[in-house]
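Residue-level listing of the chains:
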Amino acid sequence: MELQAVLMAAGGGSRMTDLTYNTPKPMLPVGNKPLMWYPLNLLERVGFEEVIVITTKEVHKMMSTDPKMKLEPVKMKLDVVCIQEDGDMGTADALRHIQPKIKTDILVVSCDLITDVALHEVVDLFRAHNATLAMLMSKAHEFTETVPGQKGKKKTAEQRDFVGVDQSGKRLLFMANEADMEDGLSIRKSIMRKHPRMHIKTGLVDAHLYCLKKAVVDFLTENKSISSIRGELVPYLVRKQFSKTTNSQKNKDDVDDQNQKKNDGSMNHELLITSRDEPLLQLAQERSCWNDHHGDMSEAYHGGKMRCYVHIMDQGLCYRVNTLAAYIEANRMAPKLFEEPAVHPSAAISERCQMGSDSIIGAQCQVADKTSIKRSTIGNSTIVKEKVKVTNTIIMHGVTIEEGCNIQGSVICSNAVIGRGADLKYCLVGNGQRIEPEDTHTRTHTLMHI
Amino acid sequence: ELTKEEKQRLRKEKKQQKKNKEKKDEKASRESDKEKKSAAPASQPPTQHTAQKAVPASAPVPLPASEAPVPADKPAKSKAELKAERRARQEAERASKQGKKGEVGQQAATGKAKAPPSELQPVVKRLPEHIQVDNPDVLKKLAKKLERQQVCIYVYYGYKVSLFSHLHQYSRKAPLTQQLSIPSTVIHPAIVRLGLQYSQGIVAGSNARSVALLHAFKQVIRDYTTPPKEELSRDLVNKLKPYISFLNQCRPLSASMGNAIKYIKKEISNIPSQCKEEEAKRKLLNCIECYINEKIVLAAKAIAKYSIEKISDGDVILVYGCSSLVNHILCEAFEKGRKFRVIVVDSRPRLEGREALRRLVQRGISCTYVLISAVSYILPEVSKVFLGAHALLANGYVMSRVGTSQIALVAKAFNVPVLVCCETYKFCERVQTDSFVSNELDDPDDLIVTRKGKTQLEDWQKVDSLGLLNLVYDVTPPDFVDLVITDLGMIPCTSVPVVLRVKNVDQ
């Protein structure tokens, strides 16, 4: 078997607590499908037959019991591994937890990734160059929609990520976060000597899709200090590409050299997993007249055994739904990913309702006369009464909207009730909340008091 | 009373009939298999059966003449409806006549694999599929075969120059893997990786490709388990067939790879049926190791030993492109203390000479670097030319990287000796006298170059009359080659068939 897929669905959604305090992030409806469905669909379309899903017990229960969460379209075998909810477990810790199940190289996907990337581009880099890590990144799009519930323009000073790639744009040379840099960006001279031309990009979104060699998982079991893939493991691997001990110039090493290498960095040794026919591979590489760079005296890959590659998407969808703004944008774009009809066949829509073609109506909905629904997503089993105007809104499941309401640019969570004649602009209504009739709200959060 | 037009039509038909009969009588045996292929859609099924049975009995088709039947078929095809019945009748008659000959011929054809071609019945040489891309029937057959093996077929790319329209042309930006499922189940992952490396050029060069192929086969054999009720000797060969088709689609197989595959298949078929699986696998892995050791590593050492005798102090040696064997020879000679300098000649678009230059300079050899357009300028300084080969053909021609025949020609004009270095496992039973019939077309986009921010050929596909041609190989006639250095010794170019015969007898 070539690759095993691992889906990380135990995240808490710490940056959108308004939505996730009641529904766990993997089950949030996007385009009337649970968020988890999108990466699972991507894996299935590409040809995976089995996925290891790491999630919490709550999500597992919801996956299997809740009929409204449509997971039937997924035909793959899901091997669900439940971990504790406490949130101390990072992604790398989760990988360590399932290490006995891992038999080959793995493809780690995060549950909040919505993308239509041609996955073979990432995996081809992994295969062709025998890479240790291959990941996916995308050019970031500005979110143009107003985020509901935000008073005023909040400029989130997100910590920027600096990603350095070589001239071909595929080899990953440098990765650091602004938070780790005190007075500036420092790049080792050895890297500059080997790759004199480096492109440093900051506006990239990390899709959290990684192809990792099996040796990396084994390495994680030895080193329990690494707990997050993105935060710690990936920068570590990128740095270790150019570490002195991983570059052996002439590989006719004698025993002393080997011992020295072992003492220098026992960490590196595990990562340099060699296949059983290493001398044959060496022979083939020696005889091949190919080099990945020109202009200096070193052989292909500068003799380095570890290589990290990145595929940067410039066209196509790639969203990570981890903030409210991303959630709204994803809802807008998600229908492009699947060809199901926008209106579910079991929804009862009356004829005198004006519905835009870019709206999605879920199953068993009831939409009464004289309503106008534009650029919105309406979840399953929602009741919309007469004379309601719904624009730019995301309405989750089981919501009741009484007559005469006017809802604009808002997010209404499950089982909420909007009273008659309410006027909501850019609001976020929490689970099971009830808006009184004739209420007017602009840019407010209304959450359930716990 | 027939009208004037009808009379004209009758006259035309009679003329065509006569012409056809004459054509058929002349090239009856030679044309039969080609016409049957093209007339297949037109002729009726029962006659096709008998016609195909008569194919093995036909005379061999000389390859240079293969061009002639192809254009002749085209006008015949367009009037197929008119002549279908007539042809069917003629073929039925001929088939009945050759029916008796056909049975004998078929036995001889099956016996071909074991014994050298029987002197009783001449053996037909069918044209390989990879040089019949413009023939839709062959394409259909190829597609069906690939579908059966569950290997995806490549989509052809770009406008092809008409002289080479019978060859495949692919684009590197559309790899075969986009049609494969990601954890590839049908094709072994090691083979997928190898195919990717071939198509992207990461593994390039005849020796490197063979070694990488054998390495991948080792992994395949290791991961192989015999299904119940099957024999390893037969099942493993069947398993290898789709892999080989896949690799062929990624990049056409080289002659060295072909020989290696033949060897492996022979070894697998020779495994006795009572042999246990573990032992059989161990034997096979051992065979592969031996093959690589003997034919590639030790052969390189032997060739180096012979070549060093030919290199004297003060020599100026010209090399072309990056041949792993020639580089090895030069490095060995330098280490043995010979004083010489090297001129590396390079050509676009591959610019492989840069890699050769790097390897030689790293060892300390003093080198000069020129492009092939300057070869007649630099040749008066040269005392010897060392060339590598991709394959040595049975009529003594050397098949090598495009540009090699140019170098050999200019060297001949300047009376500079040309030495070709080639291991015996690259010797091939094919016969070729020109570079058109069987060649490889590389990605045409490689010819596009960006200078000062301007890419002139960016939209070459939009210009209807423009075709980009990126040839990979060419053949050098034996008159230009003075000596071939192989692991069996230093032989003249025309002794290649002798070596092949000796090899066949050995096996």
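Residues numbered from 1 in each chain as written. Chains lettered and ligands numbered in written order. Predicted model: local features only at pLDDT ≥ 70, side-chain atom pairs only at ≥ 80, totals over all residues. Heavy atoms only, no water.

In the nomenclature of an unreviewed UniProt entry, chain B is known as Translation initiation factor eIF2B subunit delta of Echeneis naucrates. In UniProt, chain B has this text filed under Sequence similarities (unreviewed entry): "Belongs to the eIF-2B alpha/beta/delta subunits family." What the UniProt record of chain B gives under Subcellular location (unreviewed entry) is the line "Cytoplasm, Cytosol". (UniProt positions renumbered as here; feature names shortened; annotations may be inferred.)

In the nomenclature of an unreviewed UniProt entry, chain A corresponds to Translation initiation factor eIF2B subunit gamma from the organism Echeneis naucrates. Check the Subcellular location (unreviewed entry) section of the UniProt entry for chain A; it says "Cytoplasm, Cytosol". Per UniProt, the comment on chain A under Sequence similarities (unreviewed entry) is "Belongs to the eIF-2B gamma/epsilon subunits family."

Visitor: Even after reading the chapter, I still don't get the overall build of chain B, so can you show me in this structure?
Guide: Helices and strands together make up the secondary structure of chain B, namely 16 helices and 12 strands. Taking all 507 residues of chain B together, 49% fall into the buried category. Of the accessible surface of chain B, which amounts to about 25600 Å², a share of 53% is contributed by carbon and sulfur atoms. (Helix = DSSP H or I, 4+ residues; strand = E, 2+ residues; numbered from the N terminus. Buried < 20%, exposed > 50% of the residue type's maximum accessible area, 1.4 Å probe, protein only. Areas by Shrake-Rupley, 256 points an atom, 1.4 Å probe, with all protein chains shown as cover.)

Visitor: Please clarify how the domain arrangement of chain A should be interpreted in this entry.
Guide: Frequently, the measure chosen for interface size is the accessible area removed from exposure when the parts meet. Residue and element names in this part refer to chain A. Entries for chain A in the domain assignment read domain 1 (3-151 + 158-244 + 305-331) and domain 2 (342-442). Spacing between the C-alpha centres of domain 1 and domain 2 amounts to 34 Å. Roughly 1600 Å² of surface becomes buried between domain 1 and domain 2 when both sides are summed, with 58% attributable to carbon and sulfur atoms. At the junction of domain 1 and domain 2, the tally comes to zero residue pairs in polar contact (both at pLDDT 80 or more). Counting only elements with at least two residues in the side of domain 1 that touches domain 2, the list comes to helix H1 (17-20) and helix H12 (324-333). A per-element tally of the side of domain 1 that touches domain 2 places H12 first, with four residues. (Domains from an automatic or database assignment. Buried area = accessible area lost by both parts, 1.4 Å probe. Polar contact = N/O pair within 3.5 Å; in protein donor to acceptor, adjacent residues only side chain to side chain.)

Visitor: Would you take a moment to explain the nonpolar core for this structure?
Guide: Soluble, globular proteins show a tendency: their nonpolar side chains are buried together. Membership of the largest hydrophobic core comes to 50 residues, with the highest contact counts inside it found for Ile187(B), Ile191(B), Leu213(B), Phe217(B), Leu240(B) and Phe246(B). Every element with two or more residues in this core is listed here: helix H11 (278-287) of chain A together with helix H6 (136-148), helix H7 (189-200), helix H8 (206-222), helix H9 (232-250), helix H10 (255-269) and helix H11 (277-310) of chain B. (Core = buried A, V, L, I, M, F, W, Y, C linked by side-chain atoms within 4.5 Å.)

Visitor: Looking at this structure, how should I read the domain arrangement of chain B?
Guide: Residue and element names in this part refer to chain B. Assigned domains of chain B: these are domain 1 (182-310) and domain 2 (312-435 + 471-506). Taken over C-alpha atoms, the centre of domain 1 sits 27 Å from the centre of domain 2. Of the roughly 2200 Å² buried between domain 1 and domain 2 on both sides combined, carbon and sulfur atoms contribute 62%. Here domain 1 and domain 2 share zero salt bridges between them. On inspection of domain 1 and its partner domain 2, the count reaches 10 residue pairs in polar contact (both at pLDDT 80 or more). At the level of elements, H8, H10 and H11 are the ones that each hand at least two residues to the side of domain 1 that touches domain 2. The dominant element in the side of domain 1 that touches domain 2, judged by the number of residues it contributes, is H11, at 14 residues. Among the residues forming the side of domain 1 that touches domain 2, the class breakdown is 10 nonpolar, seven polar and six charged. (Salt bridge = Lys/Arg side-chain N within 4 Å of Asp/Glu carboxyl O. Nonpolar A, V, L, I, M, F, W, Y, C, P; charged D, E, K, R; others polar.)

Visitor: I keep staring at the packing of helix H5 (residues 119-128) of chain A against H7(B) and nothing clicks. Help me out?
Guide: For any two helices packed against each other, one specifies the inter-axial angle together with the distance between the axes. It is the contact of H5(A) with H7(B), at a shortest axis distance of 9 Å, that shows an interaxial angle of 90°. The orientation of H5(A) relative to H7(B) falls into the category roughly perpendicular. Side by side, H5(A) and H7(B) meet where Asp124(A), Arg127(A) and Ala128(A) of the first sit next to Val192(B), Arg193(B), Leu196(B), Gln197(B) and Gln200(B) of the second. (Axes fitted to C-alpha atoms, helices over the stretch in contact; angles between N-to-C directions. Parallel < 35°, antiparallel > 145°, perpendicular 65-115°, else oblique. Contact = heavy atoms within 4.5 Å.)

Visitor: Sorry if this is basic, but what is going on with the sheet that holds strand S21 (residues 383-384) of chain A here?
Guide: Through backbone hydrogen bonds, the strands of a sheet pair up, either in parallel or in antiparallel fashion. All names here are of chain A. Across the sheet, six strands lie side by side as S15-S18-S21-S24-S27-S30; this open sheet has parallel pairing. Since the sheet does not close on itself, it has two edges, and those belong to strand S15 (348-349) and strand S30 (434-435), each with one partner. Taken together, the two bridges between strand S24 (residues 400-401) and strand S27 (residues 417-418) define a ladder with parallel strand orientation. Within S27, the position partnered with Thr400 by the bridge is Val417. (Pairing = 2+ DSSP bridges.)

Visitor: Would you explain the packing of aromatic side chains in this entry?
Guide: Geometrically, a pair of aromatic rings is defined through the distance of the ring centres and the angle of the planes. Applying the stated criterion across every chain yields a total of seven aromatic pairs over all chains. An angle of 90° between the planes, with centres 5.3 Å apart, marks the rings of Trp37(A) and Tyr38(A) as edge-to-face. Owing to a relative accessible area of 5%, Trp37(A) belongs among the buried residues under this scheme. Here the aromatic cluster, defined as three or more aromatic residues joined through ring pairs, consists of Tyr263(B), Tyr291(B) and Tyr425(B). Above the ring of Trp37(A), the side-chain terminus of Lys33(A) is found at 4.8 Å from the ring centroid. (Phe/Tyr/Trp six-rings, centres within 6.5 Å; stacked < 30°, edge-to-face > 60°. Lys NZ or Arg CZ within 6 Å of the ring centre and 35° of its normal.)

Visitor: Whenever I open this one, the interface of chain A and chain B confuses me. Can you help?
Guide: With 34 residues of chain A at the contact, the number on the chain B side is 40 residues. Of all residues in chain A, Arg127(A), Arg287(A) and Cys289(A) bury the most surface against chain B, accounting for 23% of the area lost on that side. There are 15 residue pairs in polar contact (both at pLDDT 80 or more) connecting chain A and chain B. In terms of residues, the side of chain A that touches chain B owes the most to one element, H11(A), which gives seven residues. Of the residues in the side of chain A that touches chain B, the class split is 15 nonpolar, 10 polar and nine charged.

Visitor: Please clarify how unusual backbone geometry should be interpreted in this entry.
Guide: Residues apart from glycine generally show negative phi values, whereas peptide bonds are mostly found in trans. Along the chain, Arg348(B) connects to Pro349(B) via a cis peptide bond; the corresponding omega equals -5°. Within the secondary structure layout, Pro349(B) lies in the loop between strand S2 (340-346) and helix H13 (353-363). Although it is not a glycine, Ser381(A) sits at a positive phi angle of roughly 55°. Taking relative accessible area as the criterion, Ser381(A) reaches 31% and is therefore assigned partly exposed. Even without being a glycine, Asn392(A) presents a positive backbone phi close to 55°. When you line up the elements, Asn392(A) lands in the loop between strand S22 (389-391) and strand S23 (394-395). With relative accessibility at 23%, the residue Asn392(A) sits in the partly exposed group.

Visitor: Even after reading the chapter, I still don't get the pattern of salt bridges, so can you show me in this structure?
Guide: When their charged atoms lie close together, side chains carrying opposite charge are able to pair. All names here are of chain A. For the structure shown, the criterion picks out 31 salt bridges over all chains. Across the salt bridge formed by Arg320 and Asp112, the nearest N and O atoms sit 2.7 Å from each other. Within this pair, whereas Arg320 is found in strand S14 (residues 318-320), its partner Asp112 is found in the loop between strand S6 (105-110) and strand S7 (113-115), the two being separated by 208 residues in sequence. The buried category is assigned to Arg320, whose relative accessible area is 15%.

Visitor: Which parts of the structure should I look at to understand the pairing of strand S6 (residues 398-401) of chain B?
Guide: All names here are of chain B. Of the strand pairs in this sheet, strand S5 (residues 391-392) and S6 are connected by two bridges, and their pairing is antiparallel. Paired with Ala391 across the strands is Met399, a residue of S6. Between the antiparallel neighbours S5 and S6 lie five residues, among them Gly396 with a positive phi of about 90°. Where S6 lies against strand S10 (residues 473-476), four bridges are found, and the strand directions are antiparallel. Paired with Arg401 across the two strands is Tyr473, which belongs to S10.

Visitor: What's the story with the sheet that holds S6(B) in this structure? I'm lost.
Guide: Pairing within the open sheet is antiparallel, and its three strands lie in the order S5-S6-S10 (chain B). If you trace the sheet from one side to the other, it starts and ends with S5 and S10 of chain B, each paired once.

Visitor: Mind showing me how you'd approach the packing of H7(B) against H8(B) here?
Guide: Residues and elements named next belong to chain B. Between H7 and H8, the shortest axis-to-axis distance is 9 Å and the interhelical angle comes to 165°. Between H7 and H8, the angle falls in the class roughly antiparallel. Regarding H7 and H8, the two cross each other, and that crossing is right-handed. Here Ala190, Ile191, Leu194 and Tyr198 of H7 come into contact with H8, specifically with Arg209, Ala212, Leu213, Ala216, Phe217, Gln219 and Val220. Among the residues making up the contact of H7 with H8, the classes are represented as nine nonpolar, one polar and one charged. (Left-handed = near helix turned anticlockwise from the far one by under 90°.)

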